[in-house]
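In case you want the letters, here they are:
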Amino acid sequence: MKYLDRIGRLISRMVFKNMAVLILVGLIRVVFGPIGWSPNQEIYQVAVLMVSYFIPVLFAYTSAQMLGKHRGGVVAAIVMFVLVIENPSSIPMILPSMVIGPAIGYSIKNISRWLEGRIPTGFELLFNNIIDALTAILFICIGIQWANPIFIKMMNVILQQVEFLTQSGYLPLLALIIEPGKTLFFNSVINHGILEPLGIQQAQENGKSLLFLLETNPGPGFGMLLGCYFYLNGKEKENLKAALPVHVLGGIHEVYFPYALMQPLLLIPLILGGMAGNLLFYLLDAGLAATPSPGSIILLLMMAAKGTHLAVAVGFLASAAVSFFGSVLVLSYDHKRRSINQTEIIDEVIDEVIHEDIYDSLLTPLEAKEKKMEVKNIIFACDAGMGSSAMGAAALQKRLKQENLDIMVDNLSVDDIPQDADIVISNIRLTERARACAPQAEHISVTSFLDRSFHEELIPRLRAQQGDEPVRNSDTIDAFEDLNEEHVLLNMKAKDKWEAIEQVGTVLIHRGNVGSHYIEEMKQRERVFSTYLGNGVALPHGMNAKSDQIKKAGISIAQYPEGITFADGQKAYILIAIAGKGEKQLSILSRLAEIIEQTDTVNGLIHAATRKEIIQIIKNGLAKSHNKGEGNRI
């Protein structure tokens, strides 16, 4: 799974960097192709030559350059050009370029690393060029003798199977694989790694391809988001209102993935919606001239072959309608079930909480710099560095302009974060990689770039930095010092995460940290975005850091030896419920995040035999992270 994810990241970055070329080819086909609006063989031939020669070489160069820098890219371009010329079939060499490019880039990178310090001074240029030439010759020989024949046979088999699926009417069933795969963030692998190369081959022969529609159709996600919109309130309803146009018009499908992951039953309407759309695309003979990326309905209609615009629109609307009604049924059932369970609030928990807090963003260790660092640039990072991160960066940049704050905001791939980044904002699942690329930066993890509540905590900080207002020191450190055994629940059991949330939430109520309705706010947050953070730890918290249910900062700690199942089947063995307002949330969260990252500390909490032991482990973990922060500053 990890390697598949890496492959997906590499493919998506490679394709996104060259997306303008693919769109250009699609527009030429739509307008000047044999079945286009104004057929022109001369102009159309440009698209044919680009697909056959230019795009494979470009993809090979780009993917190799990402791994082996410019040298790797040049060698890959040479090899790919020769293989394209030697290709005896009419099948475009786009898929091989996605394999050969990274292989050459990886080879050049490791050869260069091995030769470091071994080349005599002054001979580096000579040796590097000779090595590059020899590497190119080696890969050309391998490609001509083995890679090309194998690829041609493999592509013929795949195309035959695709043709069989198309002719037999089984193609709509691919939604059973595509929709769950997308929500697990394998959308790049599915689309750019599989469907796109096959679709390009079909479009080369027929002027259009149904395969371009299978993954990029925004209908299922749009219907699901619309269904969720009717069942959420407050801030999350506002987030969904923003997510709907971003998804369907902006083509950023990632905005709906977290909602599906937090409520796995929503995969059923997503699949049914995908199947409905695919079936109508098939029956109405819909097809696109090129891949629409991002998957916006606007691009789908732009890339639709002549005479298929209505078919594309009908398939989109049908998939959205099926997904919407299915999502409403799922959420309605789930709402009723939880309403019944909610009447069984447990009253047997009596323990306490440490003074700390969280909200839906997650700051990391170097926030332990006590916010004294001057922030000059902020980086939003996602897998490819283009879609969701661009959206988040644009939103924050707009807010900074409104506040008259002159701070650079940029969006990049998580693997391209510069060493001089001051603050890095990324999705929770990417924070570990982001921290590895920029360990000196302060990291903020968010569950969705649409959730902008962290602006309310970050903006005052940035204003204070420029002298607009003083920074208020929180009393959260004293809260940790006051931690005692009354804050801990030991050897707990719960039938599900909802009962566990009630247990840790009841502690907060008994300690006077929150009002009686705060537990429902915690559950509402969990329904939208999972508070499971990895490493066996979950941090349940409310929907709004400014909630009137929060009376004073505090936390409760509960140990579950058998584990509690959270999103995606992950088990949490430690729950830390948090309540807090304003600046306190960020400083406390950063300290908790440091503890959660320490595997030995978390293992100690999971296997602790006494409350006293848990308290000591927490304090030791805090001390360890404090020492690490001091070392980083030095």
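Right above here is the structure, for reference.
Residues numbered from 1 in each chain as written. Predicted model: local features only at pLDDT ≥ 70, side-chain atom pairs only at ≥ 80, totals over all residues. Heavy atoms only, no water.

**Student:** Would you explain helix α3 (residues 41–86) in this entry?
**Tutor:** Count 3.6 residues to each turn of an α-helix, and residues three or four apart come out pointing the same way. Between its terminal C-alpha atoms α3 stretches only 25 Å, short of the 68 Å expected from 46 residues at 1.5 Å a residue. Of all the bends in α3, the greatest, near 145°, is centred on Gly68. Backbone nitrogen of Glu42 and a side-chain oxygen of the N-cap are separated by 3.1 Å at the start of α3; the cap is Asn40. (Helix = DSSP H or I, 4+ residues; strand = E, 2+ residues; numbered from the N terminus. Expected span 1.5 Å × (residues − 1). Bend = angle between axes of the 7 residues up to and from the residue. Polar contact = N/O pair within 3.5 Å; in protein donor to acceptor, adjacent residues only side chain to side chain.)

**Student:** Before we go on, may I ask you to explain a nonpolar patch on the surface in this structure?
**Tutor:** Nonpolar side chains collect at one region of the surface, where Phe123, Leu126, Phe127, Ile130, Leu134 and Ile137 lie side by side and expose about 570 Å² of accessible area between them. One can find Phe127 in helix α5 (residues 124–168). A relative accessible area of 36% places Phe127 in the partly exposed class. (Patch = residues over 30% accessible without salt bridge, like charges linked within 9 Å, V, L, I, M, F, W, Y side chains within 5 Å. Areas by Shrake-Rupley, 256 points an atom, 1.4 Å probe, with all protein chains shown as cover. Salt bridge = Lys/Arg side-chain N within 4 Å of Asp/Glu carboxyl O. Buried < 20%, exposed > 50% of the residue type's maximum accessible area, 1.4 Å probe, protein only.)

**Student:** Could you clarify how one ought to interpret the sheet that holds strand β8 (residues 537–538) in this entry?
**Tutor:** Picture the strands of a sheet paired through backbone hydrogen bonds; they go either parallel or antiparallel. Pairing is mixed across the open sheet formed by five strands, whose spatial order is β6-β9-β10-β8-β7. Each edge of the open sheet carries a strand with a single partner, namely β6 (488–489) and β7 (532–534). Most of the contacts of helix α18 (residues 497–510) go to strand β9 (residues 554–565), to which it runs at about 155°, and overall it touches β6, β9 and β10 (571–579). (Pairing = 2+ DSSP bridges. Contact = heavy atoms within 4.5 Å. Axes fitted to C-alpha atoms, helices over the stretch in contact; angles between N-to-C directions.)

**Student:** Whenever I open this one, the packing of α3 against helix α4 (residues 94–115) confuses me. Can you help?
**Tutor:** The axes of two packed helices give the description: the angle between them and the distance between them. Two elements in contact, α3 and α4, have axes separated by 10 Å at closest approach and are oriented at 25°. Put simply, α3 runs roughly parallel to α4. Here α3 runs over α4; the crossing is right-handed. Looking at side-chain class alone, the contact of α3 with α4 contains 20 nonpolar, seven polar and two charged residues. (Parallel < 35°, antiparallel > 145°, perpendicular 65-115°, else oblique. Left-handed = near helix turned anticlockwise from the far one by under 90°. Nonpolar A, V, L, I, M, F, W, Y, C, P; charged D, E, K, R; others polar.)

**Student:** Can you walk me through the packing of helix α8 (residues 219–229) against helix α11 (residues 267–283) in this structure?
**Tutor:** Running from N to C, α8 and α11 cross one another at 140°; their axes reach a closest spacing of 8 Å. Between α8 and α11, the angle is such that the two are oblique. Between α8 and α11 lies a crossing whose hand is right-handed. Of the residues in α11, those in contact with Pro220, Gly221 and Met224 of α8 are Leu270, Gly273 and Gly274. Here the residues of the contact of α8 with α11 sort into three nonpolar, three polar and no charged.

**Student:** Would you mind going over unusual backbone geometry with me for this structure?
**Tutor:** Glycine aside, residues mostly have negative phi, and peptide bonds are mostly found in the trans state. In the Ramachandran plot, Asn404 falls in the positive-phi region, its phi being about 55° despite a non-glycine side chain. As for its position among the elements, Asn404 is in the loop between α14 (388–402) and β3 (408–413). We classify Asn404 as exposed; its relative accessible area is 66%.

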